[in-house]
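# Remarks on the overall topology
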Amino acid sequence: MKKLLFIFSLLIFVIACKSTPKSTTPEDVVIADEPAAVEEIEEKPKQEETKTLASENKELYLPANTSIRETDRGRILETTPKVIFKFVETNMPATADKSFTQVIEFLDKNPDINIVLEAHTSNRGKAYPYNYNLSVIRAKNGRSYLLAKGVASDRVIESPLGEALPEYPAQNELRRYEFVIIENDEDMVKYNTYISSLDVKQESTFQGN
């Protein structure tokens, strides 16, 4: 009987040893591959982003007698001649056809570009509401002109600014249109950020003639 008990105990011991899980050593744990996969996933968006930015910075087509002026609010399409209004007038000047033809050609040849059509006044008269309302009418008239010539409505944004941006040395040059180039979301954010700092109600301190 003692011999049978010994054999039975030995059998249980052997079975127990076989069923005990193998201890896991640090070398058995494989974790190095996981960060590598994460890094690879992160790299792909960076490459795509670079490609997108490169495509957005493509060279723009410029019609004859036009140029681009860099400003703090964005790039301005300069036409020749500029669209300059007479004192207190809102009707399109006689020279506007030539200038707007250049703007239309620019938009036609650069189909991914939109523009902000700014309307400005001199600082003669009260800044608000008189000069600001004057620029509102000028902005609406300019946009209507472009739409009547076939420009899509979503490509022209009105921006009446009254006398808030006196950028030129003579009063008659202040009564003008400016055409701000919007190529991507960053351009729009830059423009809105700058314009939000202006106060169309404040009298300007321009000292020109």
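The coordinates are above.
Keep in mind that this is a model prediction, so the values were computed, not measured.

### Points about the packing of aromatic side chains
For the structure on display, the rule yields six aromatic pairs. An angle of 85° between the planes, with centres 5.6 Å apart, marks the rings of Phe100 and Phe179 as edge-to-face. With a gap of 79 residues between them, Phe100 in helix α3 (residues 96–109) and Phe179 in strand β5 (residues 177–182) connect regions that are remote in the sequence. Note on Phe179: relative accessible area 1%, which makes it buried. Both rings, one in Tyr128 and one in Tyr132, keep their centres 5.7 Å apart while their planes meet at 35°; by these two values the pair is tilted. Remark: Tyr132 and Tyr128 occur in helix α4 (residues 127–148); sequence separation between them is four residues, near one turn of the helix. Accessibility expressed as a relative area gives 23% for Tyr132, which makes it partly exposed. We note Lys109 situated over the ring of Tyr61; from NZ or CZ to the ring centre the distance is 5.9 Å.

### A short note on the pairing of strand β4 (residues 156–162)
Among the seven residues that make up β4, five are buried, leaving the element largely enclosed by the rest of the structure. Bridge count for strand β3 (residues 114–120) against β4 is six bridges, and the pairing is parallel. Within the sheet, the bridge partner assigned to His120 lies in β4 and is Gly162. Following the chain from β3 across α4 to the adjacent parallel β4, one finds a crossover that is right-handed.

### Section: the sheet that holds strand β1 (residues 67–71)
Here five strands make up an open sheet; going across it, the order is β1-β2-β5-β3-β4 and the pairing mixed. Single-partner strands in this sheet number two, and they are β1 and β4. Between one strand and the next, the sheet's axes are offset by a mean angle of 35°, whatever the strand orientation. Against the sheet, helix α6 (residues 185–195) touches β1, β2 (74–78), β3, β4 and β5, its axis set at about 140° to β5.

### Topic: unusual backbone geometry
Geometrically, the link from Thr80 to Pro81 is a cis peptide bond, its omega value of 0° lying close to zero. With respect to the element layout, Pro81 can be found in the loop between β2 and α3. The peptide bond linking Tyr128 to Pro129 adopts the cis configuration, its omega dihedral lying at 10°. Turning to its location among the elements, Pro129 is positioned in helix α4. The phi dihedral of Asn65 is positive, around 65°, even though this residue is not glycine. Within the fold, Asn65 resides in the loop between α2 (33–56) and β1. Positive phi is not limited to glycine here, since Val88 has a value of about 60°. In this fold, Val88 is placed in the loop between β2 and α3.

Reading the values: the criteria
Residues numbered from 1 in each chain as written. Predicted model: local features only at pLDDT ≥ 70, side-chain atom pairs only at ≥ 80, totals over all residues. Heavy atoms only, no water. Phe/Tyr/Trp six-rings, centres within 6.5 Å; stacked < 30°, edge-to-face > 60°. Helix = DSSP H or I, 4+ residues; strand = E, 2+ residues; numbered from the N terminus. Buried < 20%, exposed > 50% of the residue type's maximum accessible area, 1.4 Å probe, protein only. Lys NZ or Arg CZ within 6 Å of the ring centre and 35° of its normal. Pairing = 2+ DSSP bridges. Right-handed = clockwise from strand over helix to strand, strands pointing away. Axes fitted to C-alpha atoms, helices over the stretch in contact; angles between N-to-C directions. Contact = heavy atoms within 4.5 Å.

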